[in-house]
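# Results of the structural survey
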Number of protein chains: 2
Amino acid sequence: MPTRRECANAIRALAIDAIEKAHSGHPGAPLGMADMAEALWRGFLRHNPADPAWPDRDRFILSNGHASMLLYALLHLTGYDLPIEEIRNFRQLNSKTPGHPERGVTPGVEMTTGPLGQGIASAVGIAMAEALLATRFNRPDFPVVNHYTWCFLGDGCMMEGVSHEACALAGTWKLGKLIAFYDSNGISIDGKIDPWFSENTGQRFAAYDWQVIGPIDGHDCNALDAAIKEAQAETGKPSLIICKTHIGFGSPKEDSPASHGSPLGENAARTTREAIGWNEDTFVVPGEIREAWDARKKGASLEKAWNEMFAAYAETYPGLATEFKRRIGGELPASWPEISRRARSHATRQTADQATRVASHKCLEVFVPDMPELLGGSADLSGSVGTQTAASNPVDVANYTGNYLFYGVREFGMGAIMNGIAIHGGFIPYAGTFLAFSDQAKNALRLAAIMQLHVIWILTHDSIGVGEDGPTHQPVEQIAALRLIPGLNVWRPCDDVETTAAWISAITSKTAPTALVLSRQKLAQFAHPNQEDLARGGYILKDCQGEPEIILMATGSEVQLAMAAADELNGSGIRARVVSMPCCEIFDRQPDDWKEKVLPANAKCRIAIEAASADWWRRYVGLDGAVIGMTGYGSSAPGKELFKHFGFTVEHVVETAKDLVSKNR
Amino acid sequence: MPTRRECANAIRALAIDAIEKAHSGHPGAPLGMADMAEALWRGFLRHNPADPAWPDRDRFILSNGHASMLLYALLHLTGYDLPIEEIRNFRQLNSKTPGHPERGVTPGVEMTTGPLGQGIASAVGIAMAEALLATRFNRPDFPVVNHYTWCFLGDGCMMEGVSHEACALAGTWKLGKLIAFYDSNGISIDGKIDPWFSENTGQRFAAYDWQVIGPIDGHDCNALDAAIKEAQAETGKPSLIICKTHIGFGSPKEDSPASHGSPLGENAARTTREAIGWNEDTFVVPGEIREAWDARKKGASLEKAWNEMFAAYAETYPGLATEFKRRIGGELPASWPEISRRARSHATRQTADQATRVASHKCLEVFVPDMPELLGGSADLSGSVGTQTAASNPVDVANYTGNYLFYGVREFGMGAIMNGIAIHGGFIPYAGTFLAFSDQAKNALRLAAIMQLHVIWILTHDSIGVGEDGPTHQPVEQIAALRLIPGLNVWRPCDDVETTAAWISAITSKTAPTALVLSRQKLAQFAHPNQEDLARGGYILKDCQGEPEIILMATGSEVQLAMAAADELNGSGIRARVVSMPCCEIFDRQPDDWKEKVLPANAKCRIAIEAASADWWRRYVGLDGAVIGMTGYGSSAPGKELFKHFGFTVEHVVETAKDLVSKNR
């Protein structure tokens, strides 16, 4: 029987070898956290390497994602489909072992990590999803949802603001099955951390109402075991186990930032192997150590037991079991066609002017009662952004009922937590804030897009239409910035019918996050004879007789300007078409014939109108067209005055169109 | 003599009246914080309303900027150039009283606030600037720099992650003259905060090593006085005074979120005036209360005393006094022309391939020793981003010497703190992180641009050239997203000479922040016969004989591709021009004849090459041109392989050019 330290050293050796071979990587953290990982993964983690999708597996999140080789070594050693060739191929093109862990690339990797702090923040979301699902689906003797969320995180994660936002909520939310291991090695890239990180982290987490355990010796397997048991024993609070460790453990660069982000180098690699007593060839793990790590048998038996329980559960509670499978599988309710029809029909009947944020709220009033997977919330703007419905019940952490989370003024934390909820499965998280504050959450939106997560952002107060609150609250560049995030669908609908189409797209786009960009102010309603066009992202909302001499493209609140201007132009003998372009990303993915129909290549006389960054629209109007947009910040004044002040008037559109047409005639 | 409460009520009355008249605003916070403001502003704040630029004034930052009417009332009542007409004009176009405080618009407003948490974060930077300047310039009996930084902040600020990042640093930095008042009213927009904000904030700040005072009754002027004195008595730690207050104090909506963000309404406004015993007409403040508030006499005498001290100081230390005035005035050193010439000459001599991050580091090696105003730093990536030079001395908080700040892994906090340093004056802050992590700091960059602050960001590892670290660390959309921020100059230089031009622009652009976007990998060097062209942001780097048939535009690491491709094209009989476009914003501001010279309107055959979001470049190549850019995320592999994989090769550029030319021939 190998010792536990020998088992931990297998991680160390694989990490050293892979990083040396790649000439690139971060050895310090895997060397430092190997004993923590050994204790957790061999002693406590409930998982089945043969089935990384087993719904009740424990979730493990590596928040300090640069320690990727720790995770790959664990997955390899415990028996996931990650053969030694992949370890050898660390950080190479198309390998399953990229530089930082990537969800969807490596079996067993739950989440893409690397941007520090977001792993622990999403772990909070995972733990919340578990708690809510458990209440919903568990029955006496049938704990079908009953797993831990474990997270490793480092000093860098602790410094990042998102750790504050999410961990404060975790305490408030009393997430007793969230257990975090703080790899406190006292070193970050710039050196010994005291001159820039001197907080008492234990005291800080106690202030959040976490159970704080330690500091313990993070290389002492018995201390680790005891700490983990203590953490599990506290069911009413999340636990933080503070593990004092040595970065680069065993290497000549131990306790030095030099071990963090570069290969040890041949000599130091050899010295390290000697120091930890590892005498194998590179990439070789002795059979008995492999055996000691192999979790396949135990994992299979764990999942088998769960499957048996679930089968009995399905007999006793067939409806619940079916619903559980649907929820975990991410399937929409069978009644979805009817639900979406109802929403569309509500929208079609709307004739009075209405803000799209209100239109969005009305969609949610239709969806939420019949879609228990919708888990709503807001960063302290529930009323303004319309995310809370009559059927929204605030989550009660006494018993984890409810379908609505108050995130407080924490946009970034909200984004990372929503990512965690989506990663867990069983929910479609949606939440809202002002569009201007999407800035704060930007990297969480990016991670959602990289992971192709089904999360929905409601971003209201979408332009200078915000009015008196002024430039800090008036988005200008945010819409274009969101459109630049690859894989994010950004909708800016113009009325109720488009808002409903946007929502339907958001709910049915299972592998993409969606941002719904909505107005604060009331907007006109338009006739949409061909509603199926809307799903194409861009379409002809109003056409002229014959070929258009000018195409007016617009989104959201500016569509009404385009429509009024087109009327005037057509009245004065200029053939004008209006193209509504609520979702550029989806329009861009349409077949060429659709794009040609809407925006014929030879129709170069185009004007884009959007009360936001003008430059973006050159993508569609080129250098021959015109853009009526913003080129600087807004101002504090009533919204209507600002639209005039910045040139968003029918007169200005008409004038610009006439100029352009006369130039091209 | 009016009572102190009566004085506070003048703030309340003005706030109510202005918000009612505007039909818009946030009455809750001014009503709640009026007593805190009265205690601080009448009892302690050292300022001179006649001279908002007095260098040694106390700085006051309203982090919860929605309480703008509190600040406007204070400025009006104490005698700043903010007449009652401006108060009446609250939130109207071109008024001096915008919805949230805006630096540069209102005399006495130090900082644009509104995005919660950033006020307190920038206050940390202000206090650090004060401490460093004091060490540099004060002499026995001549404390020419000796002021407090006061900050009001609310629950929302406390929830935001940036408060964690910056306040943790403030504790580490022992900023004894930073005194923050936490307006703890227990209410945020979504209601009573307990379900989403239950942390023990005092304990949290104690964990940061702040002095925590209270909770005290924030409406008890004696308790406030005592707390402020206690805060001032602790000179080795920042102080947090926790003030329990009632939002909407005195109104029927007291202690309710309904008082937060909407006018009280005519009835409630009347009831409130009655409740607080205010019997004046709207916008009327009785003479004796005005007199009690008037700070002009005291302010003039404070500044006079300081001026006298400074005059004596100037006699004793003429060099120091001149230097102090230069620094506070934001003037560059007299030797700047020589310094910049030296940097340029270094760069011109560089022939070997070199990463632009290294080129940037070499510029700093020239600048830092001779420019004491440069206050450097990094978010824990000093070595990687090249911000630390031989002349960079880490700030020692035992005596506040040094010119380099280790910000730790806190990009957003770093940005907000840099803003504060620039707001204070006396320094040009510069700091670096990876470009991908500019996401986290986005809103601080935006605020820098809105405030037109002289701050410099070094953003390295600027593309898939990052290589093995993979998509989370490889920026794609970030460059374009930065370019979308109005008022920010974004430079992406291609070699040492361009990097130096970028740095010179950054240092001489006193009213704009600059982002320097730099490569991790080595790049070729080019001849620049006309160095003055570089300052135009875009210029012809290589031209052909006669009119170009194709223009290849590129930035940064892709310029070398364009240059090699142009050679090949010219060799095969296609006239190709290379335009290097390191700074689009500055190019766009050039006179038309320059733009026409570089990019003739009739030269529609254009290719833009940038290993980043392709869409941005339609701004320059229109619909007729081509873009070789990124349309999705990168991947984990060696950088060179990725450039091939994503089509950034000379062959691909040449092929694309030939296609385009043949289409247009």
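Up top is the structure.
Structure report, in brief. Just so you know, these numbers come straight off a predicted model, no measurement behind them.

Now for the overall build of chain A. Each helix and strand counted, chain A has 26 helices and 20 strands in total. Against the globule reference of 26 Å for 665 residues, chain A gives a C-alpha radius of gyration of 27 Å, in line with a compact fold. Along the three orthogonal principal directions, the C-alpha set of chain A runs to about 90 × 60 × 45 Å. Considering chain A as a whole, with its 665 residues, one finds that 69% of them fall into the buried category. Contacts in chain A between residues far apart in sequence, at least 24 positions, make up 78% of those at least 6 positions apart.

With that settled, consider the sheet that holds strand 18 (residues 576–580) of chain B. Residues and elements named next belong to chain B. With mixed pairing, five strands are arranged side by side in an open sheet as 16-18-17-19-20. At either end of the open sheet lies a strand with only one pairing partner, and these are strand 16 (539–542) and strand 20 (626–630). Pairs of neighbouring strands in the sheet enclose a mean axial angle of 25°, with direction left out of account. Relative to strand 18, strand 16 is paired through three bridges, and the arrangement is antiparallel.

All right, on to the interface of chain A and chain B then. The interface is formed by 102 residues belonging to chain A together with 102 residues belonging to chain B. Interface area, chain A with chain B, both sides summed: about 7,800 Å², of which 54% is carbon and sulfur. If you sort the residues of chain A by the area they bury against chain B, L93, R446 and Y633 of chain A come out on top, with a joint share of 9%. On inspection of chain A and its partner chain B, the count reaches 12 salt bridges. For E477 of chain A, the salt bridge identified is with K442 of chain B, shortest N-O distance 2.8 Å. Applying the counting rule to chain A against chain B returns 48 residue pairs in polar contact (both at pLDDT 80 or more). The greatest single-element share of the side of chain A that touches chain B, amounting to eight residues, is contributed by helix 18 (residues 438–451) of chain A. Residues of the side of chain A that touches chain B, tallied by class, amount to 43 nonpolar, 35 polar and 24 charged.

Residue position: Q478 of chain B is located in helix 19 (residues 478–483). Put simply, Q478 of chain B and D439 of chain B are 39 residues apart on the chain and 7.2 Å apart in space, counted from C-alpha to C-alpha. If sequence neighbours within four positions are ignored, Q478 of chain B has contacts with K442 and R446 of chain A together with L435, A436, S438 and D439 of chain B. At 2.9 Å, the side chain of Q478 of chain B and the backbone nitrogen of V476 of chain B are in polar contact.

All names here are of chain B. Of the two faces of strand 1 (residues 59–62), the one lined by R59 and I61 and the one lined by F60 and L62 are each fully buried. Bridge analysis of strand 1 against strand 2 (residues 149–154) gives four bridges, and the strand direction is parallel. Across the sheet, L62 pairs through a bridge with F152, a residue of strand 2.

By a simple turn and slide, chain A fits onto chain B: the slide is 0.0 Å along the axis, the RMSD is 0.0 Å, and the turn is 180°. Overall, the copies show the geometry of a two-fold rotation axis. With an isologous cut-off of 70% or more, the 100% of interface residues of chain A that recur at the interface of chain B puts this contact in the isologous class.

What follows concerns the nonpolar core. Of all hydrophobic cores here, the largest spans 248 residues; its most connected members are F367 and W503 of chain A together with F367 and W503 of chain B. The next biggest cluster of nonpolar side chains, apart from the first, holds 122 residues, and it includes A481 and I574 of chain A together with C605 and V621 of chain B.

Time to look at the packing of helix 12 (residues 296–316) of chain B against helix 13 (residues 318–329) of chain B. Residue and element names in this part refer to chain B. Axis separation between helix 12 and helix 13 bottoms out at 5 Å; the angle between their running directions is 125°. Taken as axis vectors, helix 12 and helix 13 run oblique relative to one another. In this structure, helix 12 contributes W306, F310, Y313, A314, E315 and T316 to the contact, and helix 13 contributes P318, L320, A321, F324 and K325. Residue composition of the contact of helix 12 with helix 13, grouped by class: eight nonpolar, one polar and two charged.

What follows concerns the sheet that holds strand 7 (residues 239–244) of chain A. Residue and element names in this part refer to chain A. Overall, parallel pairing links the five strands, which are arranged 1-2-3-7-6 in an open sheet. Of all strands in the sheet, those with a lone pairing partner are strand 1 (59–62) and strand 6 (211–217), marking the two edges. Strand-to-strand, the axes of this sheet are offset by a mean angle of 15°, without reference to chain direction. Contacts from helix 9 (residues 221–233) reach strand 2 (149–154), strand 3 (178–184), strand 6 and strand 7, with the element oriented near 175° to strand 6.

The next point concerns the side chain of T356 of chain B. All names here are of chain B. Within the secondary structure, T356 sits in helix 15 (residues 356–370). The class of T356 is buried, set by a relative accessible area of 1%. Within the local environment of T356, its side chain forms a polar contact with the backbone nitrogen of S519, the two atoms lying 2.6 Å apart. Ignoring sequence-local partners within four residues, the contact set of T356 consists of P493, C494, D495, T499, L518, S519, Q521 and L523.

Moving on: a negative patch on the surface. Residue and element names in this part refer to chain A. On the surface, E568, E651, E655 and D659 cluster together into a patch of negative charge. Ranked by residue count, the leading element in the negative patch is helix 26 (residues 650–664), at three residues. Note that E651 resides in helix 26. Since its relative accessible area comes to 53%, E651 is described here as exposed.

Quick look at the packing of helix 2 (residues 28–43) of chain A against helix 3 (residues 68–78) of chain A now. Relative orientation and spacing of two packed helices are given, respectively, by the angle between their axes and the distance between those axes. Residues and elements named next belong to chain A. In the contact formed by helix 2 and helix 3, the axes pass within 10 Å of each other and the chain directions differ by 40°. As the angle between them shows, helix 2 and helix 3 are arranged oblique. Note on packing geometry: the crossing formed by helix 2 with helix 3 is right-handed. Here helix 2 contributes P30, M33, A34, A37 and W41 to the contact with helix 3, which in turn contributes M69, L70, L71, L74, L75 and T78. For the contact of helix 2 with helix 3, the residue count by class is 10 nonpolar, one polar and no charged.

Residue and element names in this part refer to chain A. By the secondary structure assignment, E234 is in the loop between helix 9 and strand 7. What makes E234 partly exposed here is its relative accessible area of 25%. Residues E234 and K177 lie 57 residues apart in sequence; the distance between their C-alpha atoms is 8.5 Å. The residues contacting E234, other than those within four sequence positions of it, are G176, Q211 and S239.

Residues and elements named next belong to chain A. Where burial is concerned, most of strand 20 (residues 626–630) is hidden: five out of the five residues are buried. In this structure, strand 19 (residues 606–613) lies alongside strand 20, joined through four bridges in parallel fashion. Counterpart to I607 in the pairing with strand 20 is A626.

Turning our attention to the environment of T3 of chain B. Position of T3 of chain B relative to the elements: it lies in the segment before helix 1 (4–22). Taking C-alpha positions, T3 of chain B is 32 Å from I189 of chain B, a pair spaced 186 residues apart along the chain.

It is worth spelling out the pattern of salt bridges at this point. Enumeration over the complete set of coordinates arrives at 64 salt bridges over all chains. We note a salt bridge from E373 of chain A to R326 of chain A, for which the minimum N-O separation is 2.7 Å. Of this pair, E373 of chain A sits in the loop between helix 15 (356–370) and strand 9 (374–378) while R326 of chain A sits in helix 13 (residues 318–329), and the two are 47 residues apart along the sequence. For the pair formed by E373 of chain A and R326 of chain A, the shared burial category is buried. The shortest N-O distance in the salt bridge between E558 of chain B and R492 of chain B comes to 2.8 Å. Of this pair, E558 of chain B sits in the loop between strand 17 (550–554) and helix 21 (559–571) while R492 of chain B sits in the loop between strand 13 (489–491) and helix 20 (496–508); the two residues are 66 residues apart in sequence, bridging distant segments of the chain. R492 of chain B shares its class with E558 of chain B; the two are buried.

Moving on, we come to unusual backbone geometry. Backbone geometry follows two general trends: most residues other than glycine have a negative phi, and most peptide bonds adopt the trans configuration. Residue and element names in this part refer to chain A. Backbone torsion omega between G214 and P215 reads 5°, so that peptide bond is classified as cis. With respect to the helices, strands and loops of the structure, P215 is situated in strand 6. For H23, which is not glycine, the phi dihedral falls at a positive 55°. Among the secondary structure elements, H23 is positioned in the loop between helix 1 (4–22) and helix 2. Given a relative accessible area of 67%, H23 falls into the exposed group.

The rules behind these values
- Residues numbered from 1 in each chain as written.
- Chains lettered and ligands numbered in written order.
- Predicted model: local features only at pLDDT ≥ 70, side-chain atom pairs only at ≥ 80, totals over all residues.
- Heavy atoms only, no water.
- Helix = DSSP H or I, 4+ residues; strand = E, 2+ residues; numbered from the N terminus.
- Rg over C-alpha atoms; globule rule 2.2 N^0.38 Å.
- Buried < 20%, exposed > 50% of the residue type's maximum accessible area, 1.4 Å probe, protein only.
- Contact = heavy atoms within 4.5 Å.
- Pairing = 2+ DSSP bridges.
- Axes fitted to C-alpha atoms, helices over the stretch in contact; angles between N-to-C directions.
- Buried area = accessible area lost by both parts, 1.4 Å probe.
- Salt bridge = Lys/Arg side-chain N within 4 Å of Asp/Glu carboxyl O.
- Polar contact = N/O pair within 3.5 Å; in protein donor to acceptor, adjacent residues only side chain to side chain.
- Nonpolar A, V, L, I, M, F, W, Y, C, P; charged D, E, K, R; others polar.
- Least-squares fit on C-alpha atoms with pLDDT ≥ 70 in both.
- Core = buried A, V, L, I, M, F, W, Y, C linked by side-chain atoms within 4.5 Å.
- Parallel < 35°, antiparallel > 145°, perpendicular 65-115°, else oblique.
- Patch = residues over 30% accessible without salt bridge, like charges linked within 9 Å, V, L, I, M, F, W, Y side chains within 5 Å.
- Areas by Shrake-Rupley, 256 points an atom, 1.4 Å probe, with all protein chains shown as cover.
- Lys, Arg positive; Asp, Glu negative; His and termini not counted.
- Charge placed at Lys NZ, Arg CZ, Asp CG, Glu CD.
- Left-handed = near helix turned anticlockwise from the far one by under 90°.

Honestly, that's just the spatial picture; any functional story needs more than this.
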